[in-house]
Amino acid sequence: MRTRTFILCLLALCLSTIRGYASGLGDFRVNARFLTDRMAFELHLNSNQYNDLYEINYDFLCNIGPYVSGIAVADTRAMDAYYRYLDERNDDLRWVLSQAEYVRFIDIEYFFHPIYAINNVCYLRVYKIYPNRTHFYFGPPRHYLTYRGGHCRSHFGGVSYYRRNYPARYHHPVYSRPCRISPQMRPHDFAGPRPGNRPPQKPNWKPAPRPDRRPVSVGKPNYRPPHNPHKAPGFKPQERPTRRPEVSPDKMRPKQIREKSNMKEKERKSLSKRL
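All residue numbers here refer to positions counted from 1 along the written sequence of the relevant chain. In keeping with the predicted nature of the model, local features appear solely for residues at pLDDT of at least 70, side-chain atom pairs appear and are counted solely at 80 or more, and the whole-chain, interface and lining totals rest on all residues. The side-chain quantities take in all heavy atoms of the structure and omit both hydrogens and water.

Can you tell me about unusual backbone geometry, naming the residues and giving the values?
Excluding glycine, a negative phi dihedral is what most residues carry, and trans is how most peptide bonds are arranged. Notably, Ala-74 is not glycine yet its phi reads approximately 60°, a positive angle. Relative to the elements of secondary structure, Ala-74 occurs in the loop between helix H4 (68-72) and helix H5 (76-93). The phi torsion at Asn-119 lies on the positive side, around 55°, for a residue other than glycine. Examined against the element boundaries, Asn-119 turns out to sit in the loop between strand E3 (115-118) and strand E4 (121-124). Segments assigned H or I by DSSP are reported as helices when at least four residues long, segments assigned E as strands when at least two residues long, and all are numbered from the N terminus.

Tell me about the packing of aromatic side chains, and name the residues and values.
Here a Phe, Tyr or Trp ring, Trp counted by its six-membered ring, pairs with any other such ring whose centre lies within 6.5 Å, and the pair is stacked when the planes are under 30 degrees apart, edge-to-face when over 60, and tilted otherwise. Counting across every chain of the model gives 17 aromatic pairs. When the ring of Tyr-54 is compared with that of Tyr-144, the centres are 5.7 Å apart and the planes differ by 50°; the resulting orientation is tilted. Here Tyr-144 lies in the loop between helix H8 (126-129) and helix H9 (161-164) and Tyr-54 lies in helix H3 (residues 47-64), a separation of 90 residues in the sequence. In this structure, Tyr-54 and Tyr-144 share a single accessibility class: buried. Members of the aromatic cluster, joined through ring pairs, are Tyr-54, Tyr-58, Tyr-144 and Tyr-147. Think of it as a cone above the ring: NZ of Lys or CZ of Arg counts as a charge over the ring if it is within 6 Å of the ring centre and within 35 degrees of the ring normal. Positioned above the aromatic ring of Tyr-144 is the side chain of Arg-33, whose terminal nitrogen or guanidinium carbon lies 5.7 Å from the ring centre. For every residue, the accessible area obtained with a 1.4 Å probe (protein chains only) is divided by the maximum for its type, and the residue is called buried under 20%, exposed over 50%, and partly exposed between those limits.

Describe the pairing of E4, naming the residues involved and giving the relevant values.
The alternating pattern of E4 places Cys-122 and Leu-124 on a buried face and Val-121 and Tyr-123 on a face that is not buried. In this scheme, strands are said to pair when DSSP sees at least two bridges between them. Inspection of the sheet shows E3 paired to E4 by four bridges, in the antiparallel sense. Across the sheet, the residue bridging to Tyr-116 is Tyr-123, located in E4. What sits between the antiparallel neighbours E3 and E4 is a turn of two residues, in which Asn-119 has the positive phi angle 55°.

Which residues make up the pattern of salt bridges, and what values go with them?
A side chain with one charge may pair with a side chain of the opposite charge, provided their charged atoms come close. The salt bridge definition used is simple: a Lys or Arg side-chain nitrogen within 4 Å of an Asp or Glu carboxyl oxygen. Inspection of every chain in the model, using the stated rule, returns six salt bridges. Of the charged contacts, one joins Asp-87 and Arg-180 as a salt bridge, the two residues approaching to 3.6 Å between their closest N and O atoms. Here Asp-87, found in helix H5, pairs with Arg-180, found in the loop between helix H10 (166-169) and helix H11 (186-189); they are 93 residues apart in sequence, far enough to count as distant. You can call Arg-180 exposed: its relative accessible area is 60%. Among the charged side chains, a salt-bridge network with shared partners connects Asp-91, Asp-92, Arg-94 and Arg-153.

So this is what it looks like as structure tokens:
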């Protein structure tokens, strides 16, 4: 009986440990290493940057782990937590990446916006670009198996650990422009707002009027052209009465011209006799 109880307790401990290292996105360490490996490959980072970047990505994935299910359904509380940790992660990277590297980092969507959701499931964007999850360009980070979040902001009163160590390790200009995700980009990350989380509408907002006719689209199914009563089956146009046009004097026949000239000649002779 004691053996059975011990086995059950050990199993519960293993499950809780696994839950601490995995989420709906998968294993934290594997995802953090894969994302860091591709960032180091595309941004041409050195070994110090590679190790620091792994810590930053690992802390970010650990922090959003409890909110993944809420992020997938666009829960307001989970989304706020996600973007708070994402802004902290992007802010930490300012002290690790050079200014030119950070500009390239912002332009790469699957690095700057690492997570997206489809059908209420969260995924890492980098796996869409690099589907082979077993291939790595570099070896594991120096503390791949030993790092457990010791440099997270929660251990330093919300201050970036990398900012404090920046002058000692890195000697490049810090990227000073805003690096936070703007509110306009949030619907883009998770396919727009869901029911119950719609943004407030403007007071004078009105829906656009519906068009009178559907636009012409060749090749699309279920297309019906605009109704034309003149082309309806059984339609017969009304016959209009034809009227013979009057003949202008310039287009009279030669016989009519001769008769008219003869009449004028007779009138002239009769007038001369009277005189």
